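A closer look at the structure
Residue strings, one per chain:
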Amino acid sequence: MHLSTINPKAPFQSNYQPAIDELVSFLRNGLGENLHSIYLYGSVARKTAKPGLSNMDVIVVTGEPFSNLKTTLFNSIKWRFQKSYPFITEISFKTALVSEVASLESIFSWGFQLRHCSVCIFGEDLSECFGDYEPSWEIAKHWNMDVEDWVAVYRNRIVRCDKPEDQIKAQKIIAKKLLRASYSLIMYKDKKWFDDPQECGKAFLHYHPEKQVEIERLGILLSGRLIAKRSVIGMLDGFGEWLSNQYNKTEFKIG
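Quick caveat, the model's predicted, so the values are computed rather than measured.

What counts, and where the lines are drawn
- Residues numbered from 1 in each chain as written.
- Predicted model: local features only at pLDDT ≥ 70, side-chain atom pairs only at ≥ 80, totals over all residues.
- Heavy atoms only, no water.
- Phe/Tyr/Trp six-rings, centres within 6.5 Å; stacked < 30°, edge-to-face > 60°.
- Buried < 20%, exposed > 50% of the residue type's maximum accessible area, 1.4 Å probe, protein only.
- Helix = DSSP H or I, 4+ residues; strand = E, 2+ residues; numbered from the N terminus.
- Lys NZ or Arg CZ within 6 Å of the ring centre and 35° of its normal.
- Contact = heavy atoms within 4.5 Å.
- Salt bridge = Lys/Arg side-chain N within 4 Å of Asp/Glu carboxyl O.
- Pairing = 2+ DSSP bridges.
- Axes fitted to C-alpha atoms, helices over the stretch in contact; angles between N-to-C directions.
- Arc of directions from axis to C-beta.
- Core = buried A, V, L, I, M, F, W, Y, C linked by side-chain atoms within 4.5 Å.
- Polar contact = N/O pair within 3.5 Å; in protein donor to acceptor, adjacent residues only side chain to side chain.

Focus on the packing of aromatic side chains
- According to the stated counting rule, one finds 15 aromatic pairs in the structure shown.
- Relative to phenylalanine 74, the ring of phenylalanine 66 lies with its centre 5.9 Å away and its plane at 80 degrees, an arrangement referred to as edge-to-face.
- By relative accessible area, which is 6% here, phenylalanine 66 ends up buried.
- Aromatic side chains tyrosine 183 and phenylalanine 194 sit 5.1 Å apart centroid to centroid with 75 degrees between the ring planes, which places their arrangement in the edge-to-face category. Remark: phenylalanine 194 occurs in the loop between helix H8 (164-190) and helix H9 (197-205) and tyrosine 183 occurs in helix H8; sequence separation between them is 11 residues.
- Under the relative-accessibility criterion, tyrosine 183 is labelled buried at 0%.
- On the basis of relative accessibility, which here comes to 23%, the residue phenylalanine 194 falls in the partly exposed class.
- Through successive ring pairs, a cluster of aromatic residues spans Tyr16, Phe81, Tyr85 and Phe87.
- The cationic tip of lysine 70 hangs over the ring face of phenylalanine 66; the distance from NZ or CZ to the ring centre is 5.5 Å.
- For lysine 211, the ring lying beneath its charged end belongs to tryptophan 242, and the centroid distance is 4.5 Å.

Remarks on the side chain of lysine 177
- One can find lysine 177 in helix H8.
- Here lysine 177 falls in the buried class, since its relative accessible area comes to 10%.
- With sequence-adjacent residues up to four places away left out, lysine 177 is seen in contact with Trp143, Asn144, Asp146, Val147 and Trp150.

A look at the pattern of salt bridges
- Under the defined criterion, the tally for this structure stands at nine salt bridges.
- Residue arginine 115 is joined to aspartate 132 by a salt bridge in which the shortest nitrogen-to-oxygen separation is 2.9 Å. Taken together, the residues arginine 115 in helix H5 (residues 107-117) and aspartate 132 in the loop between strand S4 (118-123) and helix H6 (137-144) connect sequence positions 17 residues apart.
- A relative accessible area of 36% means that aspartate 132 is categorised as partly exposed.
- Linking aspartate 237 and arginine 155 is a salt bridge whose minimum nitrogen-to-oxygen distance equals 2.7 Å. Taken together, the positions of aspartate 237 in helix H11 (residues 229-254) and arginine 155 in helix H7 (residues 147-160) put the pair 82 residues apart, joining distant regions of the chain.
- Put simply, Arg46, Arg180 and Asp195 are held in one network by salt bridges that share partners.

Some details on the sheet that holds strand S3 (residues 91-97)
- Spatially, the four strands line up as an open sheet ordered S3-S2-S1-S4, and their pairing is mixed. Single-partner strands in this sheet number two, and they are S3 and S4. Neighbour to neighbour, the strand axes of the sheet diverge by 25 degrees on average, direction disregarded.
- Examined bridge by bridge, strand S1 (residues 35-41) and strand S2 (residues 56-62) share six bridges and lie antiparallel to one another. Bridge pairing in S2 places tyrosine 39 opposite isoleucine 59.
- Together, S2 and S3 form the strand contacts of helix H3 (residues 67-84), whose direction differs from that of S3 by roughly 150 degrees.

Description of helix H10 (residues 212-222)
- Within H10 the residues assigned to the buried category are Ile215, Leu218, Gly219, Leu221 and Leu222. All buried residues of H10 project into a common sector of 160 degrees when viewed along the axis, lining one side.
- Glycine 224 sits one or two positions beyond H10 and adopts a positive phi of about 95 degrees.

Things to note about the nonpolar core
- Among the nonpolar cores identified, the biggest contains 50 residues, and Val101, Leu178, Phe204, Leu218, Leu236 and Leu243 are the most heavily contacted of them.
- Not counting residues within four places of it along the chain, the set of residues in contact with leucine 236 comprises Val151, Tyr154, Arg155, Ile158, Ile174, Leu178 and Glu241.

Remarks on the side chain of serine 37
- Along the chain, the position of serine 37 falls in strand S1.
- Overall, the relative accessible area of 0% leaves serine 37 in the buried class.
- One polar contact links serine 37 to histidine 36, side chain to side chain, over a distance of 2.8 Å.
- Polar contacts involving the side chain of serine 37 include one to the side chain of tyrosine 39, which spans 2.9 Å.
- Setting aside anything within four residues of it in sequence, one finds serine 37 in contact with Ile59, Val60, Val61, Phe122, Gly123, Glu124 and Leu126.

Structural data, given as structure tokens:
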């Protein structure tokens with residue numbers, strides 16, 4: 001059973017299309033012939049973005065590195081978007097070289113990302129270099145064997161937060177990671193793929209109904225409510241450790 005892809009012909013939400021057009025224009029002007037292609041992933045790519053809640057997530061592929069220009073270019077775009085498109089909460093960038101993407105070593109990283117999680121909005125679509133993927137443990141472990149590191153980083157970040165808005169942002173990021181990692185743990189058995197964190201949690205509960213409370217609590221973190229730090233830390237310590245252990249056990253069993 002092949003995993004689903006995002007329909008590249010489906011129109012973007014009307015309020016996001018001008019921002020997408022301007023993004024392409026900025027990157028083409030800034031990178032010139034070095035720009036190979038641009039992709040969106042996340043809720044904007046899936047056409048499910050919610051104004052005031054959703055980020056715009058971008059992948060920029062170039063022929064050559066552009067480290068001398070990257071910070072200035074991306075900061076300029078972010079500043080412009082804050083002014084012109086305040087309903088986009090943040091714009092984030094990933095970068096890659098064509099040679100990195102179109103390689104055997106990138107099958108479970110860039111290959112999967114572009115083929116099943118992204119939409120090309122400019123240039124030659126490198127997702128066409130890869131066939132459709134099937135649900136597998138290889139995909140799951142590539143994207144989520146680092147869950148223990150994520151928990152440690154965001155546990156520390158939340159402890160140190162002194163602004164409510166910073167804590168809420170950190171809560172949402174780690175909640176998304178844990179919900180997606182929960183589903184990926186059982187994806188090779190369930191034979192599907194969900195990118196939406198809430199859908200990931202629901203599907204995971206079919207296999208681990210005993211984790212109902214934990215998944216509900218992750219949903220609360222994802223909602224943007226400010227939660228007492230001790231409660232967030234307690235959940236990360238408990239469910240985060242359980243999830244990490246499950247990944248290690250499954251890897252030992254499957255290899």
